[in-house]
Amino acid sequence: MDGKKLEYKGKEALKGIQKLTAEAEKVQEDLLKAILTRNKKTEYLQKHMKGLSTDDVLEFKQKVPVITYKDIYPYIQRIANGEDSSLISGHHITEMLCSSGTSGGEPKLMPSIAEDLDRRTFVYNLIMPIMNQYVTGLDEGKAMLLYFVKAEMSTPCGLPARTVLTSYYKSKHFKCRSSDPYNDHTSPNEAILCDDSNQSMYCQLLAGLINRHHVLRLGAVFASALLRAISFLERNWLSLCSDIRTGQLNPMITDSGCRSAMSTMLKLADPHLADEIENICSRRSWKGIVCDLWPKAKYIEAVVTGSMSQYIPALEYYSRGKLPLVCTMYASSECYFGVNLKPLCDPANVAFTLLPNMAYYEFIPLDENETYGNDDEEIPSDKLVELVLVKVGCYYELVVTTFSGLNRYRIGDVLQVTGFHNQTPQFRFICRRNVILSIDNDKTNEEDLHKSIMAAKRLLEPYNALLVEYTSYADTSSVPGHYVIYWEIKHCTPSVLDKVSSPLGPKVLQDCCIAMEEDLDYIYRRCRTNDKSIGPLEIRVVKPGTFESLMDLFIKQGASINQYKTPRCIKSDAALKLLNSSVKAYFFSPRDPTWNP
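No experiment lies behind these values; they were computed from the predicted model shown. (Residues numbered from 1 in each chain as written. Predicted model: local features only at pLDDT ≥ 70, side-chain atom pairs only at ≥ 80, totals over all residues. Heavy atoms only, no water.)

Time to look at the pattern of salt bridges. Taken as a whole and assessed by the stated rule, the structure comprises 36 salt bridges. A salt bridge links Arg283 to Asp292; its shortest N-O distance comes to 2.8 Å. A relative accessible area of 42% means that Arg283 is categorised as partly exposed. Residue class for Asp292 comes out buried when judged on its relative accessible area of 19%. Residue Asp292 pairs with Arg320 through a salt bridge whose shortest N-O separation is 2.9 Å. On the criterion of sequence distance, the pair formed by Asp292 in helix α14 (residues 289–293) and Arg320 in the loop between α15 (312–318) and β8 (325–326) is long-range, its members being 28 residues apart. In this structure Arg320 comes out as partly exposed when scored by relative accessible area, which is 35%. The network of salt bridges with common partners includes Arg38, Glu115, Asp116 and Arg119. (Salt bridge = Lys/Arg side-chain N within 4 Å of Asp/Glu carboxyl O. Buried < 20%, exposed > 50% of the residue type's maximum accessible area, 1.4 Å probe, protein only. Helix = DSSP H or I, 4+ residues; strand = E, 2+ residues; numbered from the N terminus.)

In structure tokens, the structure reads:
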């Protein structure tokens, strides 16, 4: 494909964005009509829409309820067990996408139809035309983007069940993409598609190092994955240099696709390149290592919004703050939503323009300080706000209706309107509703954390020990990050009639750590055991009275003594300082939790 064709394609993409956003109201109206035309005969919609009105859209808005996963789950389960897709969709459901959210400890399954891949590709194809407006010359080198697939499952009837990114990377849309100098990746497909995450990481880093003088942009889908790659490089740079120096791939790479692709890439020994990399990696400090290893890189691409914002200081350390952190798009397993039209903005100011042709959007208004409700809360239909009617500065929870069979489905994301692009609102991602801990793809809410702590604290009872209070913190000061749980334990004096108990030793607290991990959900356990993207859970036992001091701190800062509740996750630097100054013992999980794909 020649440069003129690509330039034309880029201009057409930008014109397309302008047209979509200028006609957002009509695009949304037409989209909902198209969804209802296709899906109104499904079992789900017929249950709610009786066909008494000649206006499908009006009946949909009046009769179809706002739902969460538990409401659609019975239909998804029936399809997973072999019943027809027409339960919820007018098109054949080709796969189930495993969401990073969970239900009952298992990953949520989201229905997907073949044309969903076209929609995702549409969004990906907008990224470079947008970037080219701000960064020039991106067609003159390579992109070192670290992509990974996850373990796959199958539903009882044989439908693939996999993450949305695994689905995309394994599709012809990705594997058979046309040659494009704006998207010339260092990583060969074989390395990206390798199921062994260690071999995949090794080969992708090796490819990036071989092409170090050609890399113009680098990154990963999530900031956490890029930091994991840097940590992996710290442990393996000597071996990677050896491969480059000798032109021979490390025997640890046993995947046939990886061996073939990387052997071709190595082909000739390059001692000079190996010396360059070795001199950089052997320095005492790795501050700025990204800029030193890839000196032509113009920016880092990764999700740095929401819980991923905790990794911004580390990314700035490794890049000396010289490389912009670019967050290009807003997407989920349920749907790809929108793009960042100002990609070089400060990460704190990232706002996404929702593309009105992706799904039909509605919004639940929220107060700024609202706790964002719970899944059992019934949302009146007349409370929902249409896409073009949201107000700048206001907070909303996103609700979507899709061709694949989600109808007025609560995504669980809390967004704030920052402005408009033409007729289309732009949103800042605030948080996931009810999520308090997240390191990677895990999303642990307060209820799940409490449940796991209740399972662990039972181990204290034989030792006449009582868990007085607890809180938590997602520690990302090292890679991989890990959950830190602060416990205040009271040692009860046994009565004369009580059996004398043994002292509370370190093994008991280690057992408490693994008991918590075993009780946390499927995604957390996968990240810990398979992906190695989360480190062992840690319990920090604090001195008696610590949580009273914590309450005093928050009351001094303005909290009401009458309404004070111990926060189950700590965000305040002052509170963390207080807790950490009171720690008298540290304990870690002694092993990985159980996880079965």
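Sheet architecture is open: eight strands sit in the order β9-β10-β11-β16-β15-β14-β12-β13, paired in antiparallel fashion. Whereas interior strands pair on both sides, the edge strands pair on one side only; in this sheet they are β9 (329–331) and β13 (385–386). Note that strand β12 (residues 360–366) and β13 share two bridges and pair antiparallel. Residue pairing in the sheet places Glu362 in a bridge with Glu386 of β13. Where helix α2 (residues 24–39) meets the sheet, its contacts fall on β12, β14 (395–401) and β16 (424–432), and the angle it forms with β12 comes to roughly 110°. (Pairing = 2+ DSSP bridges. Contact = heavy atoms within 4.5 Å. Axes fitted to C-alpha atoms, helices over the stretch in contact; angles between N-to-C directions.)

Let's shift gears to the packing of helix α16 (residues 446–457) against helix α17 (residues 506–519). Where α16 contacts α17, the two axes come as close as 8 Å, and the packing angle between them is 140°. Considering their axes alone, α16 and α17 lie oblique with respect to each other. α17 is crossed by α16, and the crossing has right-handed handedness. Across the interface between the two elements, Leu449, Lys451, Ser452, Ile453, Ala455 and Ala456 from α16 touch Cys512, Ala515, Met516 and Asp519 from α17. Residues of the contact of α16 with α17, tallied by class, amount to seven nonpolar, one polar and two charged. (Parallel < 35°, antiparallel > 145°, perpendicular 65-115°, else oblique. Left-handed = near helix turned anticlockwise from the far one by under 90°. Nonpolar A, V, L, I, M, F, W, Y, C, P; charged D, E, K, R; others polar.)

The strands making up a sheet associate through hydrogen bonds between their backbones, and the pairing can be parallel or antiparallel. Ordered in space as β3-β6-β7-β8, the four strands form an open sheet in which the pairing is parallel. Each edge of the open sheet carries a strand with a single partner, namely β3 (142–146) and β8. Pairing geometry for strand β6 (residues 215–222) and strand β7 (residues 299–303), over four bridges, is parallel. Residue pairing across strands places Phe222 opposite Val303, the latter belonging to β7. Helix α11 (residues 223–246) contacts β3, β6 and β7 of the sheet and is inclined by roughly 115° relative to β6.

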